[in-house]
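The primary structure of each chain is shown beneath.
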Amino acid sequence: MQSVIKRRWTNLLFGLWCGLAFCLTQQVGADEPIRVMIVAGQNNHDWKKSTPYIQQFLDQQPHIEAVIENAPGDSDQESWNAWKPDFSDYDVVLLNYNGQMWPEEIRHDFEKYVAEGGGAIIIHAANNSFTGWTEFEKMVALLWRSPDYGTSIYIDEDGRSVREKPGEGRGMGHGGIYDWLMSTQDENHPITKGMPPNWMHCRDELYHGQRGPAENVNLLLSAYSDPNHGGTGKREPIVWWVPYGKGKVVTNVMGHVGELDCLQCVGFQTIAIRACEWLARGECTTKIPIDFPLANQTSKVKIPAAAGNKEGTSEQAKENIKGEPDVEPVISRRGEIVFSDDFDKSDIRPEWVPLHGTRWSIVDGALKGKPATKEYQDIQIQKGNRAHCGRTPSSRLMIPVEDCILLLRFKLNDGLAGAHFGFNDGSTRTGTGHVCRLTATTNKGLALQKDKNANLKDDLDQTLATSEFCLKPETWHWMMLEIVGDQMAAQVSGGPVLMARHPRIGIPKDQINLPTRGGGVISYDHVRVWKARMLENQEPD
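Criteria and thresholds
Counting restarts for each chain: residues are numbered from 1 in the order of the written sequence. The predicted nature of this model means local features are confined to residues of pLDDT at least 70 and side-chain atom pairs, given and counted, to a pLDDT of 80 or more, with totals for whole chains, interfaces and linings taken over all residues. Each side-chain value is derived from all of the structure's non-hydrogen atoms; neither hydrogens nor water enter the calculation. We count a stretch as a helix when DSSP gives it H or I for four or more residues in a row; a strand needs E for two or more, and each element gets its number in order from the N terminus. Three labels apply to residues, based on accessible area from a 1.4 Å probe with only protein chains included: buried if under 20% of the type maximum, exposed if over 50%, partly exposed otherwise in between. Contacts are assigned to residue pairs that have any heavy atoms within 4.5 Å of one another. Note on areas: these come from Shrake-Rupley sampling with a 1.4 Å probe, and a residue is covered only by the protein chains present in the view. The patch calculation keeps residues exceeding 30% relative accessible area without a salt bridge and links them within 9 Å when they carry like charges or within 5 Å when they are nonpolar (Val, Leu, Ile, Met, Phe, Trp, Tyr). Every case where a carboxyl oxygen of Asp or Glu lies within 4 Å of a side-chain nitrogen of Lys or Arg is listed as a salt bridge. Axis geometry follows a simple rule: fit a line to the C-alpha atoms, using only the stretch in contact for helices, then measure angles between N-to-C directions, giving values from 0 to 180 degrees. The scheme is simple: roughly parallel for angles under 35 degrees, roughly antiparallel for over 145, roughly perpendicular for 65 to 115, oblique for anything else. Take the far helix as your reference; a near helix turned counterclockwise from it by less than a right angle gives a left-handed crossing, and one turned clockwise gives a right-handed crossing. Ten residues, namely Ala, Val, Leu, Ile, Met, Phe, Trp, Tyr, Cys and Pro, are considered nonpolar, four, namely Asp, Glu, Lys and Arg, are considered charged, and the remaining ones, Gly among them, are considered polar. Within 3.5 Å is the distance limit for a polar contact, defined as a pair of N or O atoms, with the added protein rule that one can donate a hydrogen and the other accept it, and that residues adjacent in sequence qualify only through two side-chain atoms. Each nonpolar core is a collection of buried residues, namely Ala, Val, Leu, Ile, Met, Phe, Trp, Tyr and Cys, held together in the definition by side-chain atoms within 4.5 Å. Put simply, two rings from Phe, Tyr or Trp (the six-membered ring, in Trp's case) pair if the centres are within 6.5 Å, and we call them stacked under 30 degrees between planes, edge-to-face over 60, tilted for the rest. A ring has a charge above it when a Lys NZ or an Arg CZ is no more than 6 Å from the ring centre and no more than 35 degrees off the ring normal. Under the convention used throughout, the expected extent of a helix is 1.5 Å for every residue step, that is, one less than its residue count. Charge assignment in this entry is limited to Lys and Arg as positive and Asp and Glu as negative, and neither His nor the chain termini are counted.

**Q** How would you explain the overall build of the chain if you had to name every residue and give the values?
**A** Looking only at helices and strands, one finds nine helices and 29 strands in the chain. Counting across all 541 residues of the chain, residues that qualify as buried make up 50%. Counting contacts in the chain only where the partners sit at least 6 residues apart, residues at least 24 apart contribute 68% of the total. Counting every atom, the chain has about 25,200 Å² of accessible surface; 49% of that belongs to carbon and sulfur.

Spelled out as structure tokens, the structure:
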């Protein structure tokens with residue numbers, strides 16, 4: 001009996017030791033950078049321009065190391081014999097290659113690498129390559145092949161995949177180069193989770209009619225192939241993945257170069273980075289960027305990775321670009337985007353309305369507000385309008401909202417004491433006036449406030465929640481304000497979440513009100529307004 005107990009204890013301890021060793025191994029692996037091999041060397045596109053660019057924007061990620069392994073650029077047999085890429089040293093192999101068939105030994109090594117758990121990414125014309133390499137065609141599933149070569153897939157109006165049999169339907173090709181609308185097919189996959197349902201990709205070729213085995217295809221993104229630009233009038237697969245043995249292969253047919261516009265697309269880069277993460281670790285840690293494209297607006301990186309530096313960009317502009325939001329919704333989730341402004345053009349958009357003669361301009365990629373001129377202030381004070389004389393910069397964003405999420409970055413300069421982020425129901429002449437606001441200051445903390453209804457004689461302003469947390473001057477802060485029904489939640493970088501409830505909060509609002517206090521200068525950047533959706537597990541009272 002004692003020997004049985006001893007064996008059980010020995011087995012239990014051994015199991016615990018193995019489990020601990022596994023956890024430690026997993027943790028060490030998670031801390032190590034993701035190693036990516038980029039294979040180029042031949043392509044009917046400008047691979048000498050695109051390959052270093054891809055390497056640099058991947059290498060800019062602190063958790064990714066990307067190296068280039070170019071195949072021989074000619075048919076010299078000695079060069080091919082000397083080319084021995086060791087795929088097994090890398091977590092991900094990214095193919096930017098379209099050229100000669102690889103030697104049998106290298107094809108075998110690549111098949112083995114993926115089948116044993118490796119990850120691969122196929123970019124644009126790389127799916128044109130290796131006609132007749134059966135295992136590669138299984139990995140990619142849909143390739144640049146003639147109609148009789150295999151099955152094709154498109155997405156119908158109901159979002160369902162439709163398969164065209166070999167020899168039937170449309171042929172492979174692409175239309176002209178234009179901005180096109182992407183649709184997220186799988187909103188729950190780690191690569192695409194959090195992306196908008198629809199977003200605009202920068203100038204690129206939109207492949208259509210791709211053919212192949214078309215087995216085990218998991219569609220992530222599709223795009224409408226516009227007949228006005230030489231397309232098919234159908235939604236075509238753009239990004240998909242296929243399991244192969246223990247490994248996985250992601251195909252992304254964006255990336256025509258030519259020019260670098262399509263690679264500078266924030267959407268393209270986000271997909272490439274998250275694909276590397278998912279293939280290597282099974283999860284994606286890179287957040288969807290704040291400047292991700294919208295359904296009606298493309299978005300390119302502000303500083304091209306290919307430049308290798310930020311020369312020509314001021315220190316202030318570099319600071320504006322840094323960082324992702326450190327605030328997230330707490331009482332709602334993001335719905336449809338209503339408004340977005342990164343101030344990347346010289347003209348201020350008409351939705352921004354200056355108040356009280358204060359002066360506004362776009363400087364270094366941010367909206368900067370200054371007090372009115374001394375002359376303007378003196379005139380207003382003489383008229384008895386001291387409260388609105390323009391001593392402190394104020395503006396409105398004319399965006400009608402009800403349930404919404406407001407996100408922006410802001411900075412207080414030159415002694416500005418605080419800022420208000422609130423909502424109005426028209427003016428005292430056309431509506432009920434101010435509705436509610438967050439007040440954030442450098443010396444008196446934070447406060448959520450219900451504003452008085454100007455149409456009710458005895459109504460008063462009311463402070464609903466406060467915090468002693470104070471802003472740091474001369475420092476960029478993120479701010480998020482959520483409205484869902486009669487609830488309001490507010491956050492500022494580094495501060496607590498303030499929450500409050502009042503019936504007045506829930507009324508429709510026709511503008512966002514952005515006054516300040518105490519004199520000085522304020523800057524705004526990365527402004528977003530979304531419709532707010534109720535959380536799945538949150539029922540209205």
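Now, onward.
**Q** Break down a nonpolar patch on the surface for me, citing the residues and quoting the values.
**A** Together, V330, V497 and M499 make up a nonpolar patch on the protein surface, roughly 230 Å² of accessible area in all. Mapped onto the fold, M499 is located in strand β26 (residues 498-501). A relative accessible area of 45% means that M499 is categorised as partly exposed.

**Q** Before we move on, could you go through the pattern of salt bridges and cite the residues and values that matter?
**A** Taken as a whole and judged by the stated rule, the model has 20 salt bridges. For the salt bridge of D158 with R160, the shortest nitrogen-to-oxygen distance reads 3.0 Å. What makes D158 exposed here is its relative accessible area of 58%. Of the charged contacts, one joins K450 and D459 as a salt bridge, the two residues approaching to 3.2 Å between their closest N and O atoms. Given a relative accessible area of 22%, D459 falls into the partly exposed group.

**Q** Can you break down the packing of helix α2 (residues 47-59) against helix α7 (residues 266-281) residue by residue, with the values?
**A** The description of two packed helices rests on the angle between their axes and on the distance between the axes. Between α2 and α7, the least distance of the axes is 10 Å, while the angle of their chain directions is 65 degrees. Overall, the two elements α2 and α7 adopt an arrangement that is roughly perpendicular. Where α2 crosses over α7, the two elements pack in a sense that is right-handed. Of α7, the residues touching α2 (which contributes Y53, F57 and L58) are F268, Q269, A272, I273 and C276. Here the residues of the contact of α2 with α7 are counted per class, giving seven nonpolar, one polar and no charged.

**Q** Explain the side chain of S332 to me, and be specific about the residues and the numbers.
**A** Along the chain, S332 falls in strand β14 (residues 332-341). In terms of polar contacts, S332 uses its side chain to reach the side chain of E482, at 2.7 Å.

**Q** Can you explain the nonpolar core? Please cite residues and give values.
**A** Within the largest apolar cluster, 56 residues are counted, with the highest numbers of intra-cluster contacts made by V36, L58 and I238. Considering every element that reaches this core, the biggest residue donor is α7, with nine residues. Grouped together as the second largest cluster of nonpolar side chains are 40 residues, L412, F423, L498 and I505 included.

**Q** A description of the packing of aromatic side chains should follow, citing residues and the corresponding values.
**A** For the structure shown, the criterion picks out 25 aromatic pairs. Consider the rings of W80 and W83, whose centres lie 5.8 Å apart with planes at 85 degrees: the pair is edge-to-face. Comparing W80 with W83, the two get one shared label, buried. Taken together, the aromatic side chains of W80, W83, F87, Y97, W102, F110, Y113, F130, W133 and F136 make up a single cluster linked through ring pairs. In this arrangement the basic side chain of R145 is found over the ring face of Y149, its NZ or CZ atom lying 5.6 Å from the centre.

**Q** Please provide a residue-by-residue account of the environment of L438, values included.
**A** By secondary structure assignment, the location of L438 is in strand β21 (residues 433-441). Classification of L438 as buried rests on a relative accessible area of 1%. Between the C-alpha atom of L438 and that of M479, which follows or precedes it by 41 residues, the distance is 9.7 Å. Dropping the residues within four chain positions of it, L438 is found in contact with A419, H420, F421, L446, A447, L448, M479, L481, A490, V492 and L498.

**Q** Go over α7, please, and point to the residues and values.
**A** Along an α-helix, a turn takes 3.6 residues, which lines up residues three or four apart on a common side. For α7, spanning 16 residues, the distance from its first C-alpha to its last is 22 Å, which sits close to the expected 22 Å at 1.5 Å a residue. Burial analysis of α7 places 14 of its 16 residues in the buried class, which makes it a mostly covered element. Phi turns positive one or two residues past the end of α7, at G282, with a value near 80 degrees.

**Q** Can you break down the side chain of E111 residue by residue, with the values?
**A** For E111, the location among the structural elements is in helix α4 (residues 104-115). No salt bridge is formed by the buried E111; its nearest oppositely charged neighbour, R107, is found at 5.5 Å. Once you skip the residues sitting within four places of it in the chain, E111 turns out to touch W133, E135, M139 and Y244.

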